[in-house]
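Okay, here's what each chain looks like letter by letter:
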Amino acid sequence: ENVDQNVGKLDQHLKNLGIFEDTIVIFLVDNGPNSMRFAGPFRGMKATVHEGGIRSPFFVRWPKRLNAGTVSDRIAAHIDLLPTLADAANAKLPDGLILDGKSLLPLLEGNKEKARQWPDRHLVLQVHRGDQPVRYHHMAIRNQRWKLVHPSGFGKEKMPDDVPYELYDMSDDQGEKVNLAASRPAKLQQLLDAYDVWFDDVS
């Protein structure tokens, strides 16, 4: 109700200014619920690396350019915001700037051809206490279909030794209920290798 009322105030303000139709409004949150309450079919809560902790809504409205009701199932993350908004504004980014994210504008516009050609990619989330990154500590990496999770604990600076990896086929297990780590070791290693490339790059 609070969100509804305040988005309504924002909308009215944009209308009063005469810029409602050509203003991009984005609604998103940074994590799942901060207690074990309803998170749809997803497992976990804030500070976990399961879907209930890291998946969040991302709604974009731009009446002049985007059709209401357009939906995409392609995975995306916060790193995609800058390239998306720059693309929407026709803003030229500095030469040589390397961004991890990708413009989502073709997906938001409902471009089915570009959606079919959308390249698969790996997205990584890692979050734990401390001043130094710890390889494999409380992390998740996923592509469109597969997700590898190492839920070793948000509140710990040091990674425990006895936390097993979890591997999920997100195409039919959004609730992360069937751990395939033991039965798909090659897929687990493939995702670990992709994670290592990311970790070496960012740290």
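Calculation criteria
Residues numbered from 1 in each chain as written. Predicted model: local features only at pLDDT ≥ 70, side-chain atom pairs only at ≥ 80, totals over all residues. Heavy atoms only, no water. Helix = DSSP H or I, 4+ residues; strand = E, 2+ residues; numbered from the N terminus. Buried < 20%, exposed > 50% of the residue type's maximum accessible area, 1.4 Å probe, protein only. Contact = heavy atoms within 4.5 Å. Areas by Shrake-Rupley, 256 points an atom, 1.4 Å probe, with all protein chains shown as cover. Lys, Arg positive; Asp, Glu negative; His and termini not counted. Charge placed at Lys NZ, Arg CZ, Asp CG, Glu CD. 1 Å grid on protein atoms, 1.4 Å probe; cavity = no way out; pocket = protein on both sides within 12 Å on 5 of 7 lines; lining within 4 Å. Points joined across faces, edges and corners; volume = space filled by probe spheres on them. Nonpolar A, V, L, I, M, F, W, Y, C, P; charged D, E, K, R; others polar. Polar contact = N/O pair within 3.5 Å; in protein donor to acceptor, adjacent residues only side chain to side chain. Phe/Tyr/Trp six-rings, centres within 6.5 Å; stacked < 30°, edge-to-face > 60°. Lys NZ or Arg CZ within 6 Å of the ring centre and 35° of its normal.

When its secondary structure is counted, the chain shows six helices and six strands. The N-to-C order of helical and strand elements in the chain reads α-β-α-β-α-α-α-β-β-β-β-α. Referenced to the eigenvectors of the C-alpha coordinate spread, the extents of the chain come out at roughly 60 × 40 × 35 Å. In the chain, buried positions account for 33% of the 203 residues. Across the chain, contacts joining residues at least 24 apart in sequence account for 49% of those joining residues at least 6 apart. Of the accessible surface of the chain, which amounts to about 12800 Å², a share of 53% is contributed by carbon and sulfur atoms. Here the chain contributes 26 positively and 28 negatively charged side chains, and the mean placements of these two sets differ by 4 Å.

What follows covers empty space enclosed by the protein. Summary: where empty space remains is shown by rolling a probe the size of a single water molecule over the atoms. In total, this model carries two cavities of 30 Å³ or more according to the counting rule given. The space that makes up the largest cavity amounts to roughly 60 Å³. Residue lining of the largest cavity: I24, I26, F58, V60, W62, L81, T84, L85, A88, L105 and L108, and that is the complete set. The biggest single contributor to the lining of the largest cavity is helix α3 (residues 81–88), with four residues. Residues belonging to the lining of the largest cavity are distributed by class as follows: ten nonpolar, one polar and no charged. Looking at the second largest cavity, its volume works out to about 30 Å³.

Turning next to the side chain of R121. Mapped onto the fold, R121 is located in the loop between α5 (112–116) and β3 (123–126). The class of R121 is buried, set by a relative accessible area of 15%. For R121, the side chain forms a polar contact with the side chain of D80, separated by 2.7 Å.

Turning next to the side chain of Q144. Counting through the fold element by element, Q144 comes out in the loop between β4 (139–142) and β5 (146–150). Given a relative accessible area of 19%, Q144 falls into the buried group. For Q144, the side chain forms a polar contact with the main-chain oxygen of D73, separated by 2.8 Å. Within the local environment of Q144, its side chain forms a polar contact with the backbone nitrogen of I75, the two atoms lying 3.1 Å apart. Here Q144 is in contact with D73, R74, I75, D120 and R121, once residues within four sequence places are set aside.

Right, let's get into the packing of aromatic side chains. Two descriptors summarise a pair of aromatic rings, namely the distance from one centre to the other and the angle between the planes of the rings. This model, assessed by the stated rule, comprises six aromatic pairs. Look at Y195 and W198: their rings are 5.6 Å apart centre to centre, the planes differ by 40°, and that puts the pair in the tilted class. Taken together, the residues Y195 and W198, both in helix α6 (residues 185–202) and three residues apart, mark about one turn of the helix. Taken together through their ring pairs, the aromatic side chains of Y136, Y165, Y195, W198 and F199 make up a single cluster. Sitting over the ring of F20, K15 keeps its end group 4.9 Å from the ring centre. Here the guanidinium or amino end of K102 rests over the ring plane of W118, the centre of that ring lying 4.7 Å away.

Listed as buried for α3 are P83, T84, A86 and A88. The elements touched by buried residues of α3 are α4 (105–108). Among the residues trailing α3, N90 stands out with phi positive, at a value near 55°.

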